[in-house]
Amino acid sequence: MDTGQFFNRNALKIALAVLALAAVGILAGGAGYAYADSPQFCGSCHSMAESAASWQASNHKQFSCTDCHLPHQNLAIKLIVKAKTGMNDTYHEVLRDYPATMVISTQGKAIVNDNCLRCHKSLVENTAMAAGGQDCMKCHRGVVHGTNKSKGGIKVE
């Protein structure tokens, strides 16, 4: 039997197998994406333990880390930033070389500020903050992660 006859005879079986594999792949990818958006995932790294604990004690604990720390313009931008920051965090976590004091990047600060204004739009719509470009964390730094200067970093066990 040549391959043409094999495919003609088994075309429905092959199509169903490919469809089943695609469905399993999509479900696994979706589950992985959802878990990677969860606070349990973010807090699982040694360097994020204090940030996760302070978030859990905050008034914003109903939101995931990615609600504040990733952009929400569109899915493509969110995935690009998630991949970039995820690779950076994994790199430093594996090398165990996070700085002694965790500091948010300039891009990270812009994302967080945009998300503050996205969620609190009605609260600030009649103030100078509504125009955007301001630094919400200048006055409200301690709202989610407390006023502590997180030690961050990684201690060698």
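First, a word on what this report is: a plain description of the structure on this page. Everything numeric in this text was worked out from a predicted model, so none of it was measured.

What counts, and at which threshold
In this numbering scheme, every chain counts its residues from 1 along its sequence in written order. Note on the predicted model: pLDDT of at least 70 is required for a residue's local features to be given, and 80 or more for side-chain atom pairs to be given and counted; whole-chain, interface and lining totals, by contrast, use all residues. Excluded from the side-chain calculations are hydrogens and water; all other atoms, namely the structure's heavy atoms, are used. Numbering of helices and strands starts at the N terminus; helices are DSSP runs of H or I of at least 4 residues and strands are runs of E of at least 2. Working definition: with a 1.4 Å probe on protein chains only, accessible area under 20% of the residue-type maximum means buried, over 50% means exposed, and in between means partly exposed. Whether two residues are in contact is decided by their heavy atoms, any of which lying within 4.5 Å being enough. Classification of ring pairs uses Phe, Tyr and Trp, with its six-membered ring standing for Trp, and accepts pairs whose centres are within 6.5 Å; under 30 degrees between planes counts as stacked, over 60 as edge-to-face, and the remaining range as tilted. Only lysine NZ and arginine CZ atoms are considered, and such an atom sits over a ring when it is within 6 Å of the ring centre and within 35 degrees of the ring normal. Only one rule defines a salt bridge in this text: a Lys or Arg side-chain nitrogen within 4 Å of an Asp or Glu carboxyl oxygen. Excluding any residue in a salt bridge, patches collect residues exceeding 30% relative accessible area, merging like charges within 9 Å and nonpolar Val, Leu, Ile, Met, Phe, Trp and Tyr side chains within 5 Å. We get accessible surface area from the Shrake-Rupley algorithm with a probe of 1.4 Å; when it comes to residues, only the shown protein chains can shield them. Every helix has an expected span of 1.5 Å times one less than the residues it contains. Between N or O atoms, a polar contact is any pair within 3.5 Å; within protein, one atom must be a potential hydrogen donor and the other a potential acceptor, and residues adjacent in sequence are included only when both atoms are from side chains.

Examining the overall build of the chain
Counting its regular elements, the chain contains nine helices and zero strands. Along the chain, helices and strands appear, N-terminal first, in the series α-α-α-α-α-α-α-α-α. Counting only residues that meet the buried cut, the chain has 22% of its 157 residues in that class. Pairs at least 24 apart in sequence give 67% of the contacts found in the chain among residues at least 6 apart.

Details of the packing of aromatic side chains
Tallied over the entire structure, the rule returns one aromatic pair. For the cation-ring pair, lysine 82 lies above tyrosine 33, with the distance from its terminal atom to the ring centre recorded as 5.9 Å.

Things to note about the pattern of salt bridges
For side chains bearing opposite charge, pairing can occur when the charged atoms are close. Inspection of every chain in the model, using the stated rule, returns three salt bridges. The salt bridge involving lysine 78 is made with aspartate 37; its shortest N-O contact spans 3.4 Å. A residue pair is termed long-range when its members are at least 10 positions apart, and lysine 78 in helix H5 (residues 75-95) and aspartate 37 in the loop between helix H1 (3-36) and helix H2 (39-42) qualify at 41 residues. Under the relative-accessibility criterion, aspartate 37 is labelled buried at 13%. For aspartate 37, the salt bridge identified is with lysine 82, shortest N-O distance 2.9 Å. Here the residue aspartate 37 occupies a position in the loop between H1 and H2, and lysine 82 occupies one in helix H5, the gap between them amounting to 45 residues. Taken as a pair, aspartate 37 and lysine 82 share a single burial class, namely buried. Here the salt bridges do not stand alone but share partners, grouping Asp37, Lys78 and Lys82 into one network.

Looking at the environment of valine 81
Of note, valine 81 is situated in helix H5. Take valine 81: its relative accessible area is 9%, and that puts it in the buried class. Here the alpha-carbon distance between valine 81 and glutamine 107, two residues 26 residues apart in the chain, equals 9.7 Å. Those residues within four positions of valine 81 in sequence are excluded, and the remaining contacts are Leu70, Pro71, Gln107 and Ile111.

Brief notes about a nonpolar patch on the surface
A cluster of nonpolar side chains, namely Leu12, Leu16 and Leu19, defines an oily patch on the protein surface of about 340 Å² accessible area. By the secondary structure assignment, leucine 16 is in helix H1.

Comments concerning helix H6 (residues 106-119)
Helix length check: H6 (14 residues) gives 20 Å between terminal C-alpha atoms against 20 Å at 1.5 Å per residue, within 8%. Within H6 the residues assigned to the buried category are Gly108, Ile111, Val112, Asn113, Asn115 and Leu117.

Section: the environment of lysine 78
Residue lysine 78 is classed as buried on the basis of its relative accessible area of 11%. Ignoring anything within four residues of it in the chain, the contact list for lysine 78 reads Tyr33, Asp37, Leu70, Pro71 and His72. A distance of 3.4 Å separates polar atoms of two side chains, one belonging to lysine 78 and the other to aspartate 37.

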